[in-house]
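For reference, the chains in residue letters:
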Amino acid sequence: MVYALDLLKTLVPLPVEVHLVVTAGAKQVIPTELDETIHELEERADRVYKNTDLGAAIASGSYLFQGMAVIPCSAGTLAKIAQGLTDNLLTRAAHVTLKERRPLILVIREAPFPRPMLVNMLAAYDSGATILPASPSFYHRPEGVEELIGTVTARTLDRLSIEHDRSPRWRGTED
């Protein structure tokens, strides 16, 4: 959940509209992983939806949006997205994102990856999703956990074509 919070914090000052769906699983995990409450997390979004709201704007291909990040993405949510199961708003919005050929970034939270999860990652990738494991970068010699988290946020924003300065970019090696 630290990755979701960091993404929300980074998006707030940027000129983008943020829509948020918090799943039942996320609601269970938030108190154990974050100091912030669900309410404080939701306050960072422009629009918050119930995961049961299949009539929400983001559930329709006619609603224009830049892309979608599922962060973090559990094995169960990955499986639903990979197989096209749209039984809640999150998976329906992911399905719409894929069918409209918009960027869908799945930040996988669980490891190691068992075979069924790898198969689902490949199926989601083949459908157009970007599989982005929550694997931070170290080349910029981060001084703390927040800088590590920021590298995953930066990669997510890059895939959504959102300009940012969340994490230093690789500058190459000097010869």
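Here the structure is shown first, and the text comes after it.
A brief look at the structure comes next.

Criteria and cut-off values
- Residues numbered from 1 in each chain as written.
- Predicted model: local features only at pLDDT ≥ 70, side-chain atom pairs only at ≥ 80, totals over all residues.
- Heavy atoms only, no water.
- Helix = DSSP H or I, 4+ residues; strand = E, 2+ residues; numbered from the N terminus.
- Expected span 1.5 Å × (residues − 1).
- Buried < 20%, exposed > 50% of the residue type's maximum accessible area, 1.4 Å probe, protein only.
- Arc of directions from axis to C-beta.
- Contact = heavy atoms within 4.5 Å.
- Phe/Tyr/Trp six-rings, centres within 6.5 Å; stacked < 30°, edge-to-face > 60°.
- Axes fitted to C-alpha atoms, helices over the stretch in contact; angles between N-to-C directions.
- Left-handed = near helix turned anticlockwise from the far one by under 90°.
- Nonpolar A, V, L, I, M, F, W, Y, C, P; charged D, E, K, R; others polar.
- Pairing = 2+ DSSP bridges.
- Core = buried A, V, L, I, M, F, W, Y, C linked by side-chain atoms within 4.5 Å.
- 1 Å grid on protein atoms, 1.4 Å probe; cavity = no way out; pocket = protein on both sides within 12 Å on 5 of 7 lines; lining within 4 Å.
- Points joined across faces, edges and corners; volume = space filled by probe spheres on them.

Across its 12 residues, helix α6 (residues 115-126) extends 16 Å between first and last C-alpha, which sits within 8% of the 16 Å expected from 1.5 Å per residue. For α6, the set of buried residues is M117, N120, M121 and A124. Viewed along the axis of α6, the buried residues span an arc of 105 degrees, placing them on a single side of the element. In this structure, α6 carries R115 and D126 as exposed residues pointing more than 90 degrees from its buried face. Of the surrounding secondary structure, the elements contacted by the buried residues of α6 are α4 (75-83), β4 (104-108) and β5 (130-131). Within two residues after α6, G128 carries a phi angle of roughly 120 degrees, on the positive side.

Overall, the coordinates contain 2 aromatic pairs when judged by the stated rule. Taking 6.4 Å as the distance between ring centres and 25 degrees as the angle between the ring planes, the aromatic pair formed by Y63 and F65 counts as stacked. Taking relative accessible area as the criterion, Y63 reaches 25% and is therefore assigned partly exposed. Ring centres 5.4 Å apart and planes at 85 degrees place the aromatic pair Y139 and W170 in the edge-to-face group.

This brings us to the packing of helix α1 (residues 2-11) against helix α7 (residues 145-159). Contact pair α1 / α7: the axes reach a minimum separation of 9 Å and the direction vectors enclose 60 degrees. When the axes of α1 and α7 are compared, the crossing they make is right-handed. In this structure, α1 uses V2, Y3, D6, L7, T10 and L11 to contact α7, whose residues at the interface are I149, G150, V152, T153, T156 and L157. Here the contact of α1 with α7 is built from residues that sort into 7 nonpolar, 4 polar and 1 charged.

One can find T156 in helix α7. If near-sequence neighbours (up to four positions away) are discounted, T156 is found in contact with L7, A69, I71, I105, V107 and L132.

Spatial strand order, β3-β4-β5: 3 strands in an open sheet with parallel pairing. The open sheet is flanked by β3 (68-73) and β5, the only strands paired with a single partner. Lying over the sheet, helix α5 (residues 89-99) contacts β3 and β4, oriented at roughly 135 degrees with respect to β3.

Turning our attention to α4. Of all the positions in α4, only T77, L78, I81 and A82 are classed as buried. Down the axis of α4, the buried set is contained in an arc of 130 degrees. They therefore lie on one face. Just past α4, the residue G84 takes up positive phi, approximately 75 degrees.

Counting 24 residues, the largest nonpolar core has M1, L11, I30, L34, L41, I71 and V107 as its most contacted members. Among the secondary structure elements, those contributing two or more residues to this core are α1, α2 (24-33), β4 and α7. Take this core: its biggest share by element is 6 residues, from α1. In this structure I71 touches Y3, A4, L7, V107 and T156, once residues within four positions along its chain are discounted.

Moving on, we come to the layout of surface pockets. Size it by volume and the largest pocket reaches roughly 870 Å³. Surrounding the largest pocket, 37 residues form its lining, H19, L20, V21, M68 and A69 being those nearest its centre. Counting only elements with at least two residues in the lining of the largest pocket, the list comes to α1, β1 (19-21), α2, β3 and α5. For the lining of the largest pocket, a count of residues per class yields 27 nonpolar, 8 polar and 2 charged. Quantified by volume, the second largest pocket comes out at close to 200 Å³. Lining the second largest pocket, in full, are V2, L5, D6, K9, E33, L34, D35, E36, V145, E146 and I149. Elements with a contribution of two residues or more to the lining of the second largest pocket: α1 and α7. In terms of residue count, the dominant contributor to the lining of the second largest pocket is α1 (4 residues). Across the lining of the second largest pocket, the residue classes break down as 5 nonpolar, no polar and 6 charged.

In short, the description is geometric, and any link to function would need to be established separately.
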